[in-house]
Amino acid sequence: MIRRPPRSTLFPYTTLFRSRTDAAEDGDGDRAASRSWHWWTALLILTGASFATRLYKIEEPDHICWDETHFGKFGSWYINRTFFFDVHPPLGKMLIGLFGVLTGYDGTFPFLKPGDKYGDAEYVGMRVCCVVLGGCLVPFAFVIGWDMTKSLSGAGWAASAILFDNGLVTLSQYILLDPVLMFFIMGSVMGNTRFRSLRDRHSFSFSWWFWLSFTGLFLACSVSVKFVGLFVVLYVGIFTIWDLWLMLGDLSLPLSSTVRHFASRTLCLIVLPIASYLLIFYVHLWVLNKSGSGDGFFSSSFQSQLRGNSLYNASMPKEVAFGAVLTLKNHRTGGGYLHSHWHLYPEGIGARQQQVTAYTHKDDNNKWTIKPFDVNIDSNDPSISIRLVKHGDVVRLEHVAFVHHCAFVTTQSCVHCSVFAILVQSVICTVTRSRLL
């Protein structure tokens, strides 16, 4: 005879998510209360030990360690609302900046290089952010182990493995994205195991919806810290597809129930994460409204919304006229500006002329004056009539700083020596000084 494993009443949802009838089925009430007391005691001891080991001497060392020079600086930029560009999504850095504000850090420390002393800077609050999130990994592991094994000793061993891992303790004590990322990844796994433990007997109950939504929200947060969080999305997605496949083949379930299960997972595991991800980026762009080091990676229209930028609220003509001073930028995000400087090409490589290249940062050497190919005009002469640049025109770009030329043909593509032909449609023209109608 195959015996069904007993349902335990150790997890705290015994009073919130289960009926008294269910509790009675598990045996004597006093015994269940005793076991529940053991469960809570183990969880509290492990959680306390987790925070104690990670908060121990959190202020040491009192200098920048490792990648604190990057993520501490990002936190400062959020506090100062200065725009920057980074390869990682914004949530982790926003949380570091938030903890810094809440603990009195004013965002003035430069975070120049590892080894620099913090001095009077209130840096501990940002480390506490990572400690708080990293310390939650132990209770998360305890709950995950309990849901998977229904064994108090198994859950305790799982939590202890996280508690005494030197690497995780160390990562949780510094201003890094790793503890933030692991917090949301393990939270996603915990939410998924909690939800799956309720899916058979408590479908569409409050607790069922709570843990399903909890999982979707933490999935969005995982991806919003680092894109490696997509792996936990894949993990939860495989379990979800398997559950829905079994439901689809279960002919005992009414069609309406199957449709509700599909719809609920679509809402909480697809719509909610996408909406949360977009909301995080909305907050990111709303906070960073001042010009900073990352301006040059984005379009001129975006830069015109940043306070302090030279293009802020600038009035730019729709058309480009001959004689205008402009910059040319590749249309792709992060593309470079057409750039030149006083350095010459090496001997034996074409004519000994100044180098023309691409440069991803804003610089005065990115400015060019657009002129007709065969006519030399004075853009400051008011008597010259306005002539707009049209498709098919052969134009000459004159470098503003060093007054040398590049020829551009809008209908063909060729390169030789210092003559560069490109498609005008493939670049974004930003008029920085133009002759307006």
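Here the structure is a predicted model, which is why all the values come from computation and not from measurement.

(A) Here's a closer look at the pattern of salt bridges. According to the stated counting rule, one finds nine salt bridges in the structure shown. The salt bridge partner of Lys117 is Asp62, with a shortest N-O separation of 3.0 Å. Of this pair, Lys117 sits in the loop between α5 (91-102) and α6 (124-135) while Asp62 sits in the loop between α3 (29-55) and α4 (68-80), placing them 55 residues apart in sequence. Taking the shortest distance from any N to any O, the salt bridge between Asp147 and Lys150 comes out at 3.7 Å. By relative accessible area, Lys150 is classed as partly exposed at 35%. Taken together, the shared-partner salt bridges connect Asp147, Lys150 and Arg194 into one network.

(B) Region of interest: the confidence of the model for the protein. On average, residues of the protein score 81 in pLDDT, and 81% of them reach the 70 mark or higher. Mean pLDDT values for the elements of the protein range from 31 in strand β7 (residues 415-416) up to 96 in helix α11 (residues 206-225). Note on residues 1-28: pLDDT under 50 across the span, and 37 contacts to partners over four residues away in sequence or across chains. Low pLDDT, under 50, characterises residues 409-437; the predicted model gives this stretch 77 contacts beyond four residues in sequence or across chains.

(C) Summary view of the packing of α4 against α5. It is at 8 Å that the axes of α4 and α5 come closest, and there the two elements cross at 70°. On the basis of their axis angle, the class for α4 and α5 is roughly perpendicular. Judged by the twist between their axes, the crossing of α4 over α5 is right-handed. Here Phe71, Phe74, Gly75, Tyr78 and Ile79 of α4 come into contact with α5, specifically with Lys93, Met94, Ile96, Gly97, Gly100 and Val101. Within the contact of α4 with α5, the residues separate by chemical class into seven nonpolar, three polar and one charged.

(D) Layout of the packing of aromatic side chains. If you walk through the whole model with that rule in mind, you get 31 aromatic pairs. Judged by centre distance (5.8 Å) and plane angle (40°), the ring pair of Phe74 and Trp77 falls under tilted. Highlighted residues: Phe74 and Trp77, both in helix α4, separated by three residues, approximately one helical turn. Ring plane angle 50° and centroid distance 4.6 Å describe the contact between Phe204 and Trp208, whose orientation is recorded as tilted. The residues Phe204 and Trp208 share a single accessibility class, namely buried. Pairwise contacts between aromatic rings join Phe140, Phe183, Phe184, Phe206, Phe210, Trp211, Phe214 and Phe218 into one cluster. One cation-aromatic arrangement involves Arg81 over Trp286; the distance from NZ or CZ to the ring centre is 4.9 Å. Cation over ring: Lys93 sits above Phe74, and NZ or CZ is 5.3 Å from the ring centre.

(E) Highlighting the pairing of strand β1 (residues 325-330). Summarising burial for β1: five of the six residues are buried, a large majority. Two elements, β1 and strand β4 (residues 368-372), share two bridges in a ladder whose sense is antiparallel. In the strand pairing of β4, Val325 is matched with Thr369.

(F) Structural context of the packing of helix α10 (residues 178-198) against α11. Remark: α10 packs on α11, axes separated minimally by 8 Å, with the N-to-C direction vectors making an angle of 155°. Between α10 and α11, the angle falls in the class roughly antiparallel. The hand of the α10/α11 crossing is left-handed. Of the residues that constitute the contact of α10 with α11, the class distribution is 16 nonpolar, seven polar and one charged.

(G) Region of the structure containing the side chain of Arg127. With respect to the helices and strands, Arg127 occurs in helix α6. Overall, the relative accessible area of 0% leaves Arg127 in the buried class. Within the structure, Arg127 has its side chain in polar contact with the backbone oxygen of Pro61 (distance 3.0 Å). Apart from the residues lying within four places of it in its own chain, the contact partners of Arg127 are Ile58, Glu59, Glu60, Pro61, His63, Cys65, Glu68, Tyr118, Ser172, Gln173, Tyr174 and Ile175.

(H) Main features of unusual backbone geometry. Glu60 connects to Pro61 through a cis peptide bond whose omega is -10°. Looking at the secondary structure, you find Pro61 in the loop between α3 and α4. Non-glycine residue Trp66 carries a positive phi angle of around 55°. Residue classification places Trp66 among the exposed positions, given a relative accessible area of 57%.

The rules behind the values
- Residues numbered from 1 in each chain as written.
- Predicted model: local features only at pLDDT ≥ 70, side-chain atom pairs only at ≥ 80, totals over all residues.
- Heavy atoms only, no water.
- Salt bridge = Lys/Arg side-chain N within 4 Å of Asp/Glu carboxyl O.
- Helix = DSSP H or I, 4+ residues; strand = E, 2+ residues; numbered from the N terminus.
- Buried < 20%, exposed > 50% of the residue type's maximum accessible area, 1.4 Å probe, protein only.
- pLDDT = per-residue confidence, 0-100.
- Contact = heavy atoms within 4.5 Å.
- Axes fitted to C-alpha atoms, helices over the stretch in contact; angles between N-to-C directions.
- Parallel < 35°, antiparallel > 145°, perpendicular 65-115°, else oblique.
- Left-handed = near helix turned anticlockwise from the far one by under 90°.
- Nonpolar A, V, L, I, M, F, W, Y, C, P; charged D, E, K, R; others polar.
- Phe/Tyr/Trp six-rings, centres within 6.5 Å; stacked < 30°, edge-to-face > 60°.
- Lys NZ or Arg CZ within 6 Å of the ring centre and 35° of its normal.
- Pairing = 2+ DSSP bridges.
- Polar contact = N/O pair within 3.5 Å; in protein donor to acceptor, adjacent residues only side chain to side chain.

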